[in-house]
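Take a look at the letters that make up each chain.
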Amino acid sequence: LPPAVRSAFYSASSGTQPFAAGRWGAQYPSIWVTSGGGGTFSNIWTPNPFAQSGFYVSDTKTPGHVYQLSAVHHLFNEIKLDRVENWDFNAPQTEEESATSPEAVAFEINASKNITIGNYHAYRVTRSHAPAPAAVRVHGSSHIRFRNLRTNAESGYGFDFGNRLDTT
């Protein structure tokens, strides 16, 4: 986000907790698998509004298996894949922070292939103030398979396109 928008949302005096001004989204991803990494990841909860994303995978063709990942309250992405092949996500759950959720992307997939996402739950926090365009954004990718996708928000501000993917 531009500095003016970021400081409006995340100044030291906003909210109920004393966050350092300008620190939201300033950290690397909570979990970053890169450069040929892979393996099995199970039962992970990664809440961190200071991190850019919760679970980031980049530049790997090594198979990866993720089971029950809960990535919540990150500034830009909850889960992001860049140039990834041969991964599957089983029962991932995402939840964006209210102040940035219209701009954040819950699950973003770029230049990737052979990705399977099963039983994905995309949730919007109750205090959301505007709808988000889509829960998932896919760019320049192929063989992306979804097996059950659920979206919801108790605030009334869910995803504009419900269970539709943004592939622009």
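For the structure itself, look to the data block above.
Residues numbered from 1 in each chain as written. Predicted model: local features only at pLDDT ≥ 70, side-chain atom pairs only at ≥ 80, totals over all residues. Heavy atoms only, no water.

Enquirer: Sorry, what's going on with the overall build of the chain here?
Expert: Within the chain one finds 1 helix and 10 strands. In sequence order, the secondary structure elements of the chain are arranged as α-β-β-β-β-β-β-β-β-β-β. When the 168 residues of the chain are sorted by exposure, 46% land in the buried category. The long-range share in the chain, meaning contacts at least 24 apart out of those at least 6 apart in sequence, stands at 73%. Summing over all exposed atoms, the chain offers an accessible surface of approximately 7,900 Å²; the carbon and sulfur share of this is 52%. (Helix = DSSP H or I, 4+ residues; strand = E, 2+ residues; numbered from the N terminus. Buried < 20%, exposed > 50% of the residue type's maximum accessible area, 1.4 Å probe, protein only. Contact = heavy atoms within 4.5 Å. Areas by Shrake-Rupley, 256 points an atom, 1.4 Å probe, with all protein chains shown as cover.)

Enquirer: What is the right way to read the nonpolar core from this model?
Expert: In this structure, Phe55, Leu69, Leu81, Trp87, Phe89, Phe107 and Tyr120 are the most contacted members of the largest nonpolar core, which totals 26 residues. Elements with a contribution of two residues or more to this core: strand 2 (39-47), strand 3 (53-60), strand 4 (64-72), strand 5 (77-90), strand 7 (105-110), strand 8 (113-124) and strand 9 (136-139). (Core = buried A, V, L, I, M, F, W, Y, C linked by side-chain atoms within 4.5 Å.)

Enquirer: In this structure, what is going on with the packing of aromatic side chains? I would like to understand it.
Expert: For any pair of aromatic rings, the description consists of the separation of the ring centres together with the inter-plane angle of the planes. Enumeration according to the criterion identifies 9 aromatic pairs in this entry. Taking the centre distance of 5.9 Å and the plane angle of 35° together, the rings of Tyr28 and Trp32 count as tilted. Of the residues examined, Tyr28 reaches a relative accessible area of 62% and is grouped as exposed. With a centroid separation of 5.4 Å and an interplanar angle of 85°, the aromatic rings of Phe41 and Phe55 are classed as edge-to-face. Residue Phe41 is located in strand 2, and its partner Phe55 is located in strand 3; the two are separated by 14 residues in the primary sequence. Taken as a pair, Phe41 and Phe55 share a single burial class, namely buried. By the ring-pair criterion, three or more aromatic residues cluster together here, those being Phe41, Phe55, Trp87, Phe89, Phe107 and Tyr120. (Phe/Tyr/Trp six-rings, centres within 6.5 Å; stacked < 30°, edge-to-face > 60°.)

Enquirer: What am I meant to see in the environment of Ser53 here?
Expert: One can find Ser53 in strand 3. On the basis of relative accessible area, Ser53 is assigned to the buried category, the value being 4%.

Enquirer: Sorry if this is basic, but what is going on with the pairing of strand 4 here?
Expert: The two faces of a sheet get side chains in turn, since along a regular strand they alternate between them. Here strand 2 runs beside strand 4; their pairing, made up of 8 bridges, is parallel. Directly across from Thr46, in strand 4, lies its bridge partner Ala71. Where strand 4 lies against strand 5, 4 bridges are found, and the strand directions are parallel. Each residue of the ladder has a partner; that of Val66, found in strand 5, is Phe89. (Pairing = 2+ DSSP bridges.)

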